[in-house]
Amino acid sequence: MPRYPYETVDVFTDRPFGGNPLAVFTDARGLSDAQMQALAAEMNYSETTFVLPPDDSANDARVRIFHRTAEMPFAGHPNVGTACVLARYGRDRNGLLRFEQMAGLVEIAVERNGAGEVTGAVIAAPQALSLGIELAADGIAACAGLGAGDIVTTAHRPVQASLGVQFVLAEVAAGALASAAPDLGAFRVLERQHAELAGRLSLFLYTRDGDNIRARMFAPLAGTWEDPATGSASATLGALLLSLDGGEDAAYTITQGVEMGRPSLLKVTSRRAEDGFRSRVGGGAVPMLRGEALL
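Residues numbered from 1 in each chain as written. Predicted model: local features only at pLDDT ≥ 70, side-chain atom pairs only at ≥ 80, totals over all residues. Heavy atoms only, no water.

Novice: What's the story with the packing of aromatic side chains in this structure? I'm lost.
Specialist: What describes a pair of aromatic rings is the distance from one ring centre to the other and the angle between the planes of the rings. Counting across every chain of the model gives three aromatic pairs. With 5.1 Å between their ring centres and 10 degrees between their planes, Phe 25 and Phe 50 make a pair best called stacked. Taken together, the residues span a long stretch of sequence, with Phe 25 in strand β2 (residues 20–25) and Phe 50 in strand β3 (residues 48–52) at a distance of 25 residues. The burial state of Phe 25 is the same as that of Phe 50; both residues are buried. With relative accessibility at 0%, the residue Phe 50 sits in the buried group. One aromatic cluster in this structure is built from Tyr 6, Phe 25, Phe 50 and Phe 66. The aromatic ring of Phe 167 is capped on one face by Arg 200, whose charged end is 5.0 Å from the ring centroid. (Phe/Tyr/Trp six-rings, centres within 6.5 Å; stacked < 30°, edge-to-face > 60°. Helix = DSSP H or I, 4+ residues; strand = E, 2+ residues; numbered from the N terminus. Buried < 20%, exposed > 50% of the residue type's maximum accessible area, 1.4 Å probe, protein only. Lys NZ or Arg CZ within 6 Å of the ring centre and 35° of its normal.)

Novice: Is there a simple way to think about unusual backbone geometry in this case?
Specialist: Peptide bonds are, in most cases, trans, and in most cases residues other than glycine have a negative phi. A positive phi angle, close to 55 degrees, is found at Asn 94, a residue other than glycine. If you trace the backbone, Asn 94 turns up in the loop between α2 (76–88) and β6 (96–101). You can call Asn 94 exposed: its relative accessible area is 82%. Notably, Ala 198 is not glycine yet its phi reads approximately 55 degrees, a positive angle. Assignment of secondary structure puts Ala 198 in the loop between α4 (184–193) and β13 (203–209).

From the geometry alone we can't say anything about function, so treat these as descriptive.
What follows is the structure in structure tokens.
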């Protein structure tokens, strides 16, 4: 019976049972697309990754990312967690890893402590900021179980944005964030009203106090009622805020997962580049479980 080893890590945290859990299948050769998707559903985490040999030997791996119902072109915590797992096996090159993914090449810098132990990683999102449609505040408020007045539009309206994977970013009043809760029916209505969403409606809500941000992410249409740490959305938010604030670079500290009892800390740096606004996002990763899938 074929055996496929996997490990789990808690990502964007420095302690067990915090952050965002991730399952990493460290050698996915022989698995079909359908088996990868079934395993991701079985693990029931926000995402599961499958490590394959790279197409280009200049890179370190081809990493496929699946959430509970579909494959993703790019995501934050899966890259941070997978990089930490592989680096603990010495598969980095002088602290660097390059992953081939659907959205493009993802470069990761591995972080180690004074004893040489892997503690975390920082990834560079594969694309510059791109913006899509804006959505009405009342529709977004309904999705989050809030009133239309709880959506803050001073800096921007709720907007579809991407650095490789699309999110709808919306600022909310500070007092409203903790009471937000996804309304599945409202998500379905809003998704049907906008073909530009292409069936994906992942809502990243945030409040801001200067460079300190509190956030929550809901994606019930994809099977994720709430996500404890969303690196790709955090990186996208950093690029958006820099584009609005002006300047050449900025750094943000984003706290997420508090309401779920899985506090997460994400560090985002954004910069103005020749092709637009780009971001890096990083944080810690803690080893949790090891096992095998028997197929």
